[in-house]
Amino acid sequence: MRQLIAGNWKMHGRLADIPAYAAALRAASAHTDLLICPPFTLIERLAAALAGAGVGVGGQDCHGAAQGAHTGDVAAAMLAEAGASFVILGHSERRHDHGETSATVAGKAQAAIAAGLTPIICVGETEAERDAGEAEHVVRSQLAHSLPAGFAGVIAYEPVWAIGTGRTPTEADVVAMHGAIRAALVEKLGEAGKGLRILYGGSVKPGNAASLLSLPEVGGALVGGASLKAEDLLAIAAAAPRG
Ligand code: PEP
């Protein structure tokens, strides 16, 4: 399967950035799937700028309800209408800044799937949890409670301490965690769990992408800071093995 290189712009990016960014992606011929998740306000414009280019556009969150009195929130169907085909859910910044629990994330995933979006569910331990030897237990528990029954989507393993810090786990730690995630997916979903992509996220850059993306059970990357420059995102995609 082709790897998926997904960019998470977080709360970065302005309308004026879109033409050059989209032109750079259009000019490239990546051998991976590419996905850009900009802030809500840019989804429609980015999707229009990338129309026909084979690059996906996604949201960074959605609400668990289809509609209602939820000031400031966005429903999955609204993302789809704006041109999104994916949505990132349960990012550690959402879990931390907005108190999202795994149960909240499962509800959002269900809403996303009902709206025809592919959820990317983020899991990952804090540094204190890793130091305490609890990393795998924490990630397994997040998976057990964040994935709705019959989940079909993508998992992103993002150790919280590696996000935006320039630090990455050892290759052995990535291999061990991705193997544990695969085992948990198969336990929960049976045969279907064997085919889901598991992305690695946390300080992926052009310089470390080749080694991280070549590890067993790594099906791509969720890229924050480095996705803000199209050239860097494309360099990461170019470093991925051909699937
Ligand atoms: C992220 O926030 O999803 C992320 C992986 O960020 P960064 O690449 O900047 O560490």
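Keep in mind it's a predicted model, so treat the numbers as computed, not measured. (Residues numbered from 1 in each chain as written. Predicted model: local features only at pLDDT ≥ 70, side-chain atom pairs only at ≥ 80, totals over all residues. Heavy atoms only, no water.)

1. Details of the sheet that holds strand β1 (residues 4–8)
Inclusion rule: Strands were regarded as paired on the criterion that DSSP finds at least two bridges between them. Helix numbers and strand numbers start at the N terminus; a helix is a DSSP run of H or I with at least 4 residues, a strand a run of E with at least 2. Axis definition: a line fitted to C-alpha atoms, over the contacting stretch in the case of helices. Angles run 0 to 180 degrees between N-to-C directions. Only heavy atoms enter the contact rule, under which two residues are in contact if any of them lie within 4.5 Å.
Pairing within the closed barrel is parallel, and its 8 strands lie in the order β1-β2-β3-β4-β5-β6-β7-β8. Strand-to-strand twist of the sheet, defined as the mean angle between neighbouring strand axes without regard to direction, takes the value 25 degrees. Note: strand β6 (residues 154–157) against strand β7 (residues 198–201), 3 bridges, orientation parallel. Following the sheet pairing, A156 is matched in β7 by L199. Strands β5 (118–123) and β6 of the sheet are contacted by helix α7 (residues 135–146), whose axis makes an angle of about 150 degrees with β5.

2. Notes on the site of the ligand
Filter applied, for reference: What makes a residue near a molecule or strand is one non-hydrogen atom of that residue sitting within 4 Å of it. Pairs of N or O atoms within 3.5 Å make up the polar contacts considered here, provided that, within protein, one atom can donate a hydrogen while the other can accept it, and that residues adjacent in sequence are counted only when both atoms are side-chain atoms. Only the protein chains shown count as cover for residues, and all accessible areas are computed by the Shrake-Rupley method using a 1.4 Å probe. Put simply, Ala, Val, Leu, Ile, Met, Phe, Trp, Tyr, Cys and Pro go in the nonpolar bin, Asp, Glu, Lys and Arg in the charged bin, and everything else, Gly too, in the polar bin.
If you check the shell around the ligand, you find 14 residues, and the closest are K10, H91, E158, G164 and S203. Within the contact set of the ligand, an oxygen atom lies 2.7 Å away from a side-chain nitrogen or oxygen of H91. S203 has a polar backbone atom sitting 2.8 Å from an oxygen atom of the ligand. Burial of the ligand by the protein chains amounts to 97% of its free accessible area of 300 Å². Among the residues making up the shell around the ligand, the classes are represented as 4 nonpolar, 8 polar and 2 charged.

3. Details of the pairing of strand β8 (residues 220–223)
Basically, it comes down to this: For every residue, the accessible area (1.4 Å probe, protein chains only) is compared with the maximum for its type, and the residue is labelled buried under 20%, exposed over 50%, or partly exposed between those bounds. If the strands point away from the viewer and the path from the first strand over the helix to the second runs clockwise, then the crossover is right-handed.
Side chains G220 and L222 project from β8 onto one buried face, and the interleaved A221 and V223 project onto a second face that is buried too. For β1 and β8, the ladder comprises 4 bridges, and the chain directions are parallel. Bridging from a neighbouring strand, A6 pairs with L222 of β8. Alignment of β7 against β8, held across 2 bridges, turns out to be parallel. By the bridge assignment for β8, Y200 is matched with A221. With helix α9 (residues 206–213) bridging β7 and its parallel neighbour β8, the resulting β-α-β unit is right-handed.

4. Comments concerning the packing of aromatic side chains
Threshold: When the centres of two rings from Phe, Tyr and Trp lie within 6.5 Å, Trp using its six-membered ring, the rings pair. Their planes under 30 degrees apart give stacked, over 60 give edge-to-face, and anything left gives tilted.
Here the structure, examined in full by the defined rule, presents 2 aromatic pairs. An angle of 80 degrees between the planes, with centres 4.8 Å apart, marks the rings of W9 and Y21 as edge-to-face. Taken as a pair, W9 in the loop between β1 and α1 (18–27) and Y21 in helix α1 lie far apart in primary sequence, 12 residues in all. Per residue, the accessibility class of W9 equals that of Y21, and both read buried.

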